[in-house]
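Chain residues, written in single-letter form:
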Amino acid sequence: MILWVGLLLVHCCLCLTGAGGESPGLETCMRCSQGLHCKTKGGYSFPRPCENPAESLNTSTVFHNVSLSTVMKCERMQKCSLRLGIKAVVQIADSIHGVSFCITTAGRMTGCRTFSFTRASRERMSGLQVEIENNCTEVSPNQQVQVTVTTVPSYCGMTWTSTYHTPGCSHEDFRRHVPECITGRLSYKVNPDKKELSVNVSDMLNDHNYHLRLCRKDFICSGTGAYMLIKKEQPIKSATFPYTRPLPCLCIEGWSAVMDAPRVQVCPFKDRVEELWFGITFDPLEETLLWEPACPITATAALCQMRDDGICVDLPHSSQNVTREKIAFSKVDPHDRLCVKFTAGSQSWTRCPFADGRLQAWELVTTRTEGREEVKMLSQISANFSVELCVKSEGSPECQTIETHNVQVEKQKAVDLNLKGASCNSCLQVKRLDVEYAATVIHCLKLSSDSSPLRSDLTWVFVLTGVCLFGVICVTLVLHVLLTVHRRRKQKITGVRNGEKQIDPPPTCLVSVLQTQPVVHGGVFIPDSPQCGNNEKANLLSE
């Protein structure tokens, strides 16, 4: 025998009989092969003792093919029911008077339906294979049923048994036509500027109101408080919900206002996994780093140290698995280089909660004195540190340790870290020791020939020499001015004593005075000297 389990969808295959719209009779859900006259009888079955067959019959010779399927019978739109379809190919024999189909479901008694063959049919079709079909048993979506097919009378060893699971409401036709599966269709638009979700509902169950809400999906979808009841009378069935964060587990849920109605969910931000890696907090008193996922997710979280090239190197033994519970990293040194790396699948995201430097517990302070760099450590708390003097080689990021010191730093008291033996390519590696997770800070000293003490001293010598020369020049100029003034005063005093009149230097322009005879104007005309230029000036001397 071959078992074939399929899904047969027959739309609107039951017609209403009579004007009153009565339910269809049994003859509409059962069928026998042409030429075989069958009579049906239904009811509940109680086990009866089997009989030994008179002929040499067995299951393989009687039942040649039995198949199970789901049949959808519809009266009108959104008014369909599911039936269990049983189709069997049976070989007729004189001792087989009929076939019985028994169906057992959870919580119900076993229901059987018997097909009896008339004597005339058995005699006429003995030895032939006939097809019997039974679509009379109602089932529910996603239901498990047990089917038993036996002969009438019941012969020992002549039984076919199988288990069948009906399809769930995920089937598209069920969601449109079977009331138990109608959830409605949800479509949405996202307004990221206003942080709003606009939702439209279609294909909802007729003559019923509809529930809409936002929820966070986990084992169940827990409501966020955003809820709307859409009335069946509303011409436009839509709603707008505000949201705070586009989380991957934030979903829109809708269902009809009936008892035990199925629900539909759409999650607009299901791919926005990066939104989960926020909300990292730090307790400075307990020195504990805390983070709780806003949505359930399978991922790992590890502490790492950010390098200058942008790569975050994992700290040893810091990885934790993430599902839905809060995770904590205890005894953490808050430093701007210490970050948290989240990994989900093949993707990773890095968040640095101390990048702003507000919670940094300690720092290295550098100053330059006489061309030398001095490094001091200043801490906001009392702590122990490891300070290593190391040397970096060209082309290698590794720093080879020369010497190591443990340094105790008191709160708000600077400690000098200038170690002997430092050279141009020396570096300091500083790490806090009294915590479980800490970043290693590398500071390379700047001690090159350009900043040597000898060069610094020569610079100061040249500066002082220049200042001295400038002073000498200024003094010489002042003395020269004073000497010139003194000489002029002395010459003037000598001239007065000798009775000489001090004569100013002759002007560059000589003027000749020519007296003329009196004219009607009563004045003297004095022309300018030709040596003063081409222009002439006339001075009228009044009497």
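Cut-offs applied
Residues numbered from 1 in each chain as written. Predicted model: local features only at pLDDT ≥ 70, side-chain atom pairs only at ≥ 80, totals over all residues. Heavy atoms only, no water. Helix = DSSP H or I, 4+ residues; strand = E, 2+ residues; numbered from the N terminus. Buried < 20%, exposed > 50% of the residue type's maximum accessible area, 1.4 Å probe, protein only. Contact = heavy atoms within 4.5 Å. Areas by Shrake-Rupley, 256 points an atom, 1.4 Å probe, with all protein chains shown as cover. Salt bridge = Lys/Arg side-chain N within 4 Å of Asp/Glu carboxyl O. Pairing = 2+ DSSP bridges. Disulfide = S-S within 2.5 Å. Patch = residues over 30% accessible without salt bridge, like charges linked within 9 Å, V, L, I, M, F, W, Y side chains within 5 Å. Axes fitted to C-alpha atoms, helices over the stretch in contact; angles between N-to-C directions.

(A) Seen up close, the overall build of the protein chain. Across its full length, the protein chain holds four helices and 34 strands. Looking at the protein chain residue by residue over its 543 residues, the buried ones come to 34%. Within the protein chain, contacts between residues at least 6 apart in sequence are counted, and of these 62% link residues at least 24 apart. Surface summary for the protein chain: the accessible area is close to 33900 Å², and the carbon and sulfur share equals 53%.

(B) Spotlight on the pattern of salt bridges. In the structure shown here, the tally under the stated rule is 18 salt bridges. Between D434 and R432 there is a salt bridge, with the nearest N and O atoms lying 2.6 Å from each other. The class of R432 is buried, set by a relative accessible area of 4%.

(C) Main features of the pairing of strand β27 (residues 372–379). Where burial is concerned, the two faces of β27 differ: the one with E373, V375, M377 and S379 is buried and the one with R372, E374, K376 and L378 is not. Of the pairings in the sheet, the one linking strand β26 (residues 362–369) to β27 comprises eight bridges and is antiparallel in character. Residue pairing across strands places T367 opposite E374, the latter belonging to β27.

(D) Local environment of the state of the cysteines. Under the definition given, this model contains 12 disulfides. Disulfide pairing is shown between C32 and C38; the S-S distance is 2.0 Å. The sign of the -125° torsion about the S-S bond sets the C32-C38 disulfide as left-handed. Shown here is the disulfide that connects C251 with C267, its sulfur atoms set 1.9 Å apart. The sign of the S-S torsion, about 85°, decides the handedness of the disulfide formed by C251 and C267: right-handed. Of this pair, C251 sits in strand β16 (residues 250–256) while C267 sits in the loop between β17 (263–266) and β18 (281–283), and the two are 16 residues apart along the sequence. Each of the two residues, C251 as well as C267, counts as buried.

(E) Spotlight on a nonpolar patch on the surface. On the surface, V475, V478, L479 and L482 cluster together into a nonpolar patch covering about 390 Å² of accessible area. Considering the arrangement of structural elements, one finds V475 in helix α4 (residues 453–497).

(F) Highlighting the sheet that holds β16. The strand order β14-β13-β16-β17 describes an open sheet built from four strands, whose pairing is antiparallel. Every interior strand has two partners, whereas the edge strands, β14 (221–230) and β17, have only one. Averaged over all adjacent pairs, the angle separating strand axes in this sheet is 25°, with direction ignored. Two elements, β16 and β17, share four bridges in a ladder whose sense is antiparallel. Bridging from a neighbouring strand, G254 pairs with V264 of β17.

Bear in mind that shape data such as this cannot, by itself, settle questions of function.
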